[in-house]
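For reference, the chains in residue letters:
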Amino acid sequence: MSYVSDSSSLNKALRQQYLSLPQGHSYQVTYVWIDGSGEGLRSKTRTMDTEPKSIADLPEWNFDGSSTGQSEGRNSDMLLIPVCMFRDPFILDPNKLVLCEVFKHTREPAESNHRNSCNKVMEKVKDLHPWFGMEQEYTLLGVDGHPYGWPRLGYPKKQGPYYCSVGADRAFVRDIVESHYKACLYAGIKIGGTNAEVMPSQWEFQVGPCEGIEMGDHLWMARFLLHRVCEDFGVVATLDPKPMTGDWNGAGCHINVSTEQMREEGGIEHIEKAIEKLSKRHVEHIRVYDPHGGEDNKRRLTGHHETASISDFSAGVANRGASIRIPHRVGQDKCGYFEDRRPAANCDPYAVTCVMARTCMLEEGKDLHELE
């Protein structure tokens, strides 16, 4: 028996009675932002008299940063700057969800705002048309922190039958996965697919291909939708890179990368050059690939459970135990993309795509410590 939240048992039919009331010529716009942890998401909603059609129609807003780990109480106002707008799958059209950057009252980016620096780098490499796709793994828990569907005492059967599985004894909480998928499609997020993962109660969804800054925007909003869907069902989604110790897979956020040159005939040459650059900056990338400078990934990148050791850099064709995997088809076609399997599930996609672009696409190779 898994524990769900008390609020999930409230009368949803009664709630729907209110949600279906007409709202006249008023529009609900929910502002979403990353909090001071660099992992958590916050939101609040305002009423607008006209339906926003673009980011230009959305005003700046503010919030109390002392309550989100982003400022001190004596000077706590933080600014919300809208950057990307989506349809709202919870209260439906014409209402909106808006992803925001966070700035201090001095109009400097907040410490947890990696989008600002990422966007500057993406502008510099835009002529290369960088495409990214990220594979977001996550684990579903009861509100007590125990994996949903696992026995209260002991463990489920060992890994093997759960990956891409079907059946009540193998695929747990599919309702949440399918609801999240539809919510992303409705919102306009570039979700590419989903599947059950190797550990029971662990799932994955993919976002992309996205060009440039769009990768971070769409993955962060997809995460927000995941947490909101889970809230409705009374379940918790964790992005912890190693939620269960022992002989269980961890959770990553593999990133697939290509430029226009890599995708063209003979692009394997450019893929190999990028991998060579990555090999020289393994330590710097590991520091960026989770929010705690690599400490989270130490629990996951052990050289076991389809991971390479955190201490070593490796690359290979179709090798899921390597740092960098070149898909078999790419090896055959001599063009396409490569996959970096090192980012943790709780990574910041802005930081990851930024460091990837700086290492592989910027010739000057600027110092990576600026990202930290």
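Figured I'd write up the structure that's included with this text.

Turning our eyes to something else, we now look at the overall build of the protein chain. The secondary structure content of the protein chain amounts to ten helices and 13 strands. Its C-alpha atoms give the protein chain a radius of gyration of 21 Å, within 12% of the compact-globule value 21 Å for 372 residues. Structurally, the protein chain occupies a C-alpha span of about 60 × 50 × 40 Å along its principal axes. Buried positions account for 52% of the 372 residues belonging to the protein chain. A total of about 17200 Å² of accessible surface is found on the protein chain, and carbon and sulfur atoms cover 49% of it.

Another point: the environment of Pro200. Here Pro200 shows up in the loop between β7 (191–196) and β8 (202–211). Along the sequence, Pro200 and Arg170 sit 30 residues apart, while their C-alpha atoms lie 6.9 Å from each other. In contact with Pro200, not counting residues within four places along its chain, are Trp150, Pro156, Tyr162, Phe172 and Trp248.

This part takes up the packing of helix α2 (residues 115–124) against helix α10 (residues 349–360). Close contact between α2 and α10 brings their axes to 9 Å; oriented N to C, the two are set at 30°. Taken together, the axis directions place α2 and α10 in an arrangement best described as roughly parallel. As for how α2 packs across α10, the hand of that crossing is left-handed. Of α10, the residues touching α2 (which contributes Arg115, Ser117, Cys118, Val121 and Met122) are Tyr350, Thr353, Cys354, Ala357 and Arg358. Of the residues contributing to the contact of α2 with α10, the split by class is six nonpolar, two polar and two charged.

With the rule as written, the count across this model stands at 21 salt bridges. One salt bridge connects Glu60 with Arg107, and the closest N-O pair in it is separated by 2.7 Å. You can see Glu60 sitting in the loop between β2 (41–48) and β3 (61–64) and its partner Arg107 sitting in the loop between β5 (96–103) and α2, a full 47 residues away along the chain. The partner of Glu101 in a salt bridge is Arg115, with the nearest N and O atoms 2.8 Å apart. One end of the pair, Glu101, is in strand β5; the other, Arg115, is in helix α2, and 14 residues separate them in sequence. Residue Glu101 shares its accessibility class with Arg115, and that shared class is buried.

Moving on, we come to the side chain of His282. Within the secondary structure, His282 sits in helix α7 (residues 282–288). For His282, the side chain forms a polar contact with the side chain of Arg342, separated by 2.8 Å.

The strands making up a sheet associate through backbone hydrogen bonding, with each pair oriented either parallel or antiparallel. Strands sit in the order β2-β1-β5-β4-β3 across an open sheet of five strands; the sheet is mixed. Every interior strand has two partners, whereas the edge strands, β2 and β3, have only one. Each strand axis lies, on average, 40° off the axis of its neighbour in the sheet, ignoring direction. Pairing of strand β4 (residues 77–87) with β5, which is carried by eight bridges, proceeds in the antiparallel orientation. If you follow Arg87 over to β5, its bridge partner there is Lys96.

Cut-offs applied
Residues numbered from 1 in each chain as written. Predicted model: local features only at pLDDT ≥ 70, side-chain atom pairs only at ≥ 80, totals over all residues. Heavy atoms only, no water. Helix = DSSP H or I, 4+ residues; strand = E, 2+ residues; numbered from the N terminus. Rg over C-alpha atoms; globule rule 2.2 N^0.38 Å. Buried < 20%, exposed > 50% of the residue type's maximum accessible area, 1.4 Å probe, protein only. Areas by Shrake-Rupley, 256 points an atom, 1.4 Å probe, with all protein chains shown as cover. Contact = heavy atoms within 4.5 Å. Axes fitted to C-alpha atoms, helices over the stretch in contact; angles between N-to-C directions. Parallel < 35°, antiparallel > 145°, perpendicular 65-115°, else oblique. Left-handed = near helix turned anticlockwise from the far one by under 90°. Nonpolar A, V, L, I, M, F, W, Y, C, P; charged D, E, K, R; others polar. Salt bridge = Lys/Arg side-chain N within 4 Å of Asp/Glu carboxyl O. Polar contact = N/O pair within 3.5 Å; in protein donor to acceptor, adjacent residues only side chain to side chain. Pairing = 2+ DSSP bridges.

Geometric descriptors of this kind do not, in isolation, establish any biological role.
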